[in-house]
Amino acid sequence: MRIYHGSRAFFDSFDPQFFGTGEGTGLAFWFIDNFDGADYHAHMISRLPVHTPRVYTCEFPDHLPVADMNASLSSQPKILERLRETLPVELAFELPTEDRNWGTHLLTRWAVLSGKIGENSDLIDLLFSRCGIIGAHNLQGGCGNTRYKGRCTVIFAGAAHHIRILKTEEV
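Residues numbered from 1 in each chain as written. Predicted model: local features only at pLDDT ≥ 70, side-chain atom pairs only at ≥ 80, totals over all residues. Heavy atoms only, no water.

## Considerations on the overall build of the protein chain
Then, number 1: The helix and strand inventory of the protein chain stands at 5 helices and 7 strands.
Then, number 2: Put simply, the protein chain runs from its N terminus to its C terminus through helices and strands in the order β-β-α-β-β-α-α-α-α-β-β-β.
Then, number 3: Looking at the protein chain as a whole, 43% of its 171 residues are labelled buried.
Then, number 4: For the protein chain, the proportion of contacts with a sequence separation of at least 24, taken over those separated by at least 6, is 69%. (Helix = DSSP H or I, 4+ residues; strand = E, 2+ residues; numbered from the N terminus. Buried < 20%, exposed > 50% of the residue type's maximum accessible area, 1.4 Å probe, protein only. Contact = heavy atoms within 4.5 Å.)

Structure (structure tokens):
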């Protein structure tokens, strides 16, 4: 899959050791499915104003397990299977398979069971990493900003080595 990342940082690979040095926080790399959305992010959102805005055109293998938070679990049988095989029984069999809000339900229940209420980025990474799911589409419903006009994809730290930078452009 072709994905784009906007940043004012210059780098040649996505390395988890640099989390928190730019705009993002948490345990994941954030992408969008279009150049314009990444360009907007590089210019308007990034907290590194002294550096040149750049768009990274990247590739991520389609066959790897990435959940779509905007689609029902019944339309994602491989993701559903991973969740059911790995989650504690009390979570695995109460998953709302026809509901597009399955992710919110799952994270809320996981937070209560684990006692980690309010720690969403860590919860998401832990929950999905535990199940072998290495990323999520639409985690914030289009990256939480209508200017992006695209689908947001989050790739968790453990899968960073799968992200291949094809091209870097100053914008």
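And the narrative resumes.
## Topic: helix α2 (residues 77-86)
Think of an α-helix as turning once every 3.6 residues; residues three or four places apart then point the same way.
Then, number 1: When we look at burial in α2, the residues that qualify are Ile79, Leu80 and Leu83. The buried residues of α2 all sit within an arc of 100° when viewed along its axis, so they share a single face. In α2, the exposed positions that point more than 90 degrees away from the buried face belong to Pro77, Lys78 and Glu85.
Then, number 2: Residues of α2 that are buried in the fold lie against β4 (66-68), α3 (89-92) and α4 (102-114). (Arc of directions from axis to C-beta.)

## A few points about the side chain of Asn34
Then, number 1: Structurally, Asn34 can be placed in the loop between β2 (28-32) and α1 (35-45).
Then, number 2: Judged by its relative accessible area of 17%, Asn34 is buried.
Then, number 3: Polar side-chain contacts of Asn34 include one of 3.3 Å to the backbone nitrogen of Asp36. (Polar contact = N/O pair within 3.5 Å; in protein donor to acceptor, adjacent residues only side chain to side chain.)

## Quick look at the environment of Ala42
Then, number 1: Position of Ala42 among the secondary structure elements: in helix α1.
Then, number 2: Not counting residues within four places of it along the chain, the set of residues in contact with Ala42 comprises Gly6, Ser7, Arg8, Pro53, Arg54 and Val171.

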